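Spelled out, the chains give:
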Amino acid sequence: MNHLDAVRSTTFGQLPALLLTAPDGAQASITLYGAHLISWRGADGRERLFCSAKSALDGSKAIRGGVPVIFPQFAERGAGMRHGFARVSTWRAIGQGVDDGWAFATLALAPADLAPAHAQAWPHGFELALRIAIRANELTMRFEVRNTGAEAFPFAAALHTYFLVDDIASVRIDGVETEELAITGKFDRVYEGVAPRLAMVDGGVVLTLRQEGFADAVVWNPGAEDAAALADMADEEYRRFVCIEPALLDAPALEPGQRWAGKYHVS
Ligand code: TA6
């Protein structure tokens, strides 16, 4: 494969997107809207990310599935918009290519990229960079936050990953609790200070999840009732995913000129 074919411009729904293809055949799609990793297939050809059949794919609402980037606020833990503006802003592609067999793309977001209402509501100087790379059956994401302004700002960050599973009833998660965790209904829990290595077991598939810089993790599945109440999720779709999210929920304020970076590796 020609390296020029490693990253192609495409569309996902109505959204401009990048299609990454590693030399070994691993593939990923990333929309500029949200810098949202929407599909990831390892070299084994298996899709690993869930995306709802009812998700908006036109930029009118955050995508329901894939890996929403949560910044600068997690959920309703703050006075700003729920889960922050990063997932509903259009990022810029600033780098792409192949490095040591990894196909990668880097996307960036700064205040000038924001809708005026978002920039007004969060008036800080910042630069975000998200680098997504794939090779074989591995995915890495590196999320960097830089304070380019004159004042410190508090922030939270998360990669709200929706893993595609065969059946939520048979999923087991290792590393968040003292015993293996099974999801038997609606589940929404924040784990502060988690082990840097977690595992998700779904039938015969074991995904190893490693995080660095992200001190916390969140596990979520809406269960039948909450899923039915979500306009952008089909009633039975809650069976097909679990969100396991590397997160940083109580970071110290980022001082002017400082940067924070979190890494996530799935294999
Ligand atoms: O990460 C878990 C969570 O905060 C849940 O409480 C749940 O509602 C989910 O995120 C989805 O949030 P959203 O704003 O995308 O509907």
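> Before we go on, may I ask you to explain the site of the ligand in this structure?
Around the ligand, the structure places Arg64, Phe74, Ala75, Arg82, His83, Arg87, His160, Asp188, Val218, Trp220 and Glu245. Between the ligand and the protein, one listed contact pairs an oxygen atom with a side-chain N or O atom of His83 at 3.0 Å. One nitrogen or oxygen atom from the side chain of Glu245 is found 2.8 Å from an oxygen atom belonging to the ligand. Partitioned by chemical class, the residues of the shell around the ligand number four nonpolar, two polar and five charged.

> Would you mind going over the packing of aromatic side chains with me for this structure?
Each pair of aromatic rings is reported with the distance of its centres and the angle of its planes. Per the counting criterion, the structure on display carries 18 aromatic pairs. Across the ring face of Phe104, the terminal group of Arg131 is positioned such that the distance to the ring centre comes to 4.3 Å.

> Where do I start with the sheet that holds strand S6 (residues 92-99) in this structure?
The strands making up a sheet associate through hydrogen bonds between their backbones, and the pairing can be parallel or antiparallel. Across the sheet, nine strands lie side by side as S6-S7-S8-S9-S19-S16-S15-S12-S13; this open sheet has antiparallel pairing. The two strands at the open ends of the sheet, each matched to only one other strand, are S6 and strand S13 (181-182). Both strand S7 (residues 102-109) and strand S8 (residues 126-135) contribute to a ladder of seven bridges, which runs antiparallel. Within S8, the residue paired with Phe104 across the bridge is Ala133.

> Just checking my understanding: could you explain the pattern of salt bridges for this structure?
Close approach of charged atoms allows side chains of opposite charge to pair. Inspection of every chain in the model, using the stated rule, returns 16 salt bridges. Here Arg41 and Glu47 are joined by a salt bridge, their closest N and O atoms 3.9 Å apart. Residue class for Arg41 comes out partly exposed when judged on its relative accessible area of 37%. Between Glu76 and Arg82 there is a salt bridge, with its nearest N and O atoms 3.1 Å apart. Take Glu76: its relative accessible area is 57%, and that puts it in the exposed class.

> I would appreciate a short explanation of the environment of Gly34 in the present structure.
Within the secondary structure, Gly34 is located in the loop between strand S3 (27-31) and strand S4 (36-41). With 160 residues separating them along the chain, Gly34 and Val194 place their C-alpha atoms 26 Å apart. Apart from the residues lying within four places of it in its own chain, the contact partners of Gly34 are Val69, Ala86, Arg87, Ser89 and Trp91.

> Got a minute to help me understand the sheet that holds S4 in this structure?
Taken in spatial order, the four strands line up as S1-S2-S3-S4 in an open sheet, and their pairing is antiparallel. In this open sheet, the two strands that pair with only one neighbour each are strand S1 (7-12) and S4. The average undirected angle you get between the axes of adjacent strands in this sheet is 25°. With six bridges connecting them, S1 and strand S2 (residues 15-21) associate as antiparallel partners. Paired with Thr10 across the bridge in S2 is Ala17.

> How should I be thinking about the nonpolar core in this particular structure?
By size, the foremost hydrophobic cluster in this structure holds 64 residues, and its most contacted members are Leu37, Trp91, Phe143, Phe155, Phe163, Ile173 and Val242. In terms of residue count, S8 provides more of this core than any other element does, five residues in total. Setting aside residues up to four positions removed in sequence, Phe155 forms contacts with Phe71, Pro72, Val145, Leu248, Ala251, Pro252, Leu254 and Trp260.

What counts and how
- Residues numbered from 1 in each chain as written.
- Predicted model: local features only at pLDDT ≥ 70, side-chain atom pairs only at ≥ 80, totals over all residues.
- Heavy atoms only, no water.
- Near = heavy atom within 4 Å.
- Polar contact = N/O pair within 3.5 Å; in protein donor to acceptor, adjacent residues only side chain to side chain.
- Nonpolar A, V, L, I, M, F, W, Y, C, P; charged D, E, K, R; others polar.
- Phe/Tyr/Trp six-rings, centres within 6.5 Å; stacked < 30°, edge-to-face > 60°.
- Lys NZ or Arg CZ within 6 Å of the ring centre and 35° of its normal.
- Pairing = 2+ DSSP bridges.
- Helix = DSSP H or I, 4+ residues; strand = E, 2+ residues; numbered from the N terminus.
- Salt bridge = Lys/Arg side-chain N within 4 Å of Asp/Glu carboxyl O.
- Buried < 20%, exposed > 50% of the residue type's maximum accessible area, 1.4 Å probe, protein only.
- Contact = heavy atoms within 4.5 Å.
- Axes fitted to C-alpha atoms, helices over the stretch in contact; angles between N-to-C directions.
- Core = buried A, V, L, I, M, F, W, Y, C linked by side-chain atoms within 4.5 Å.

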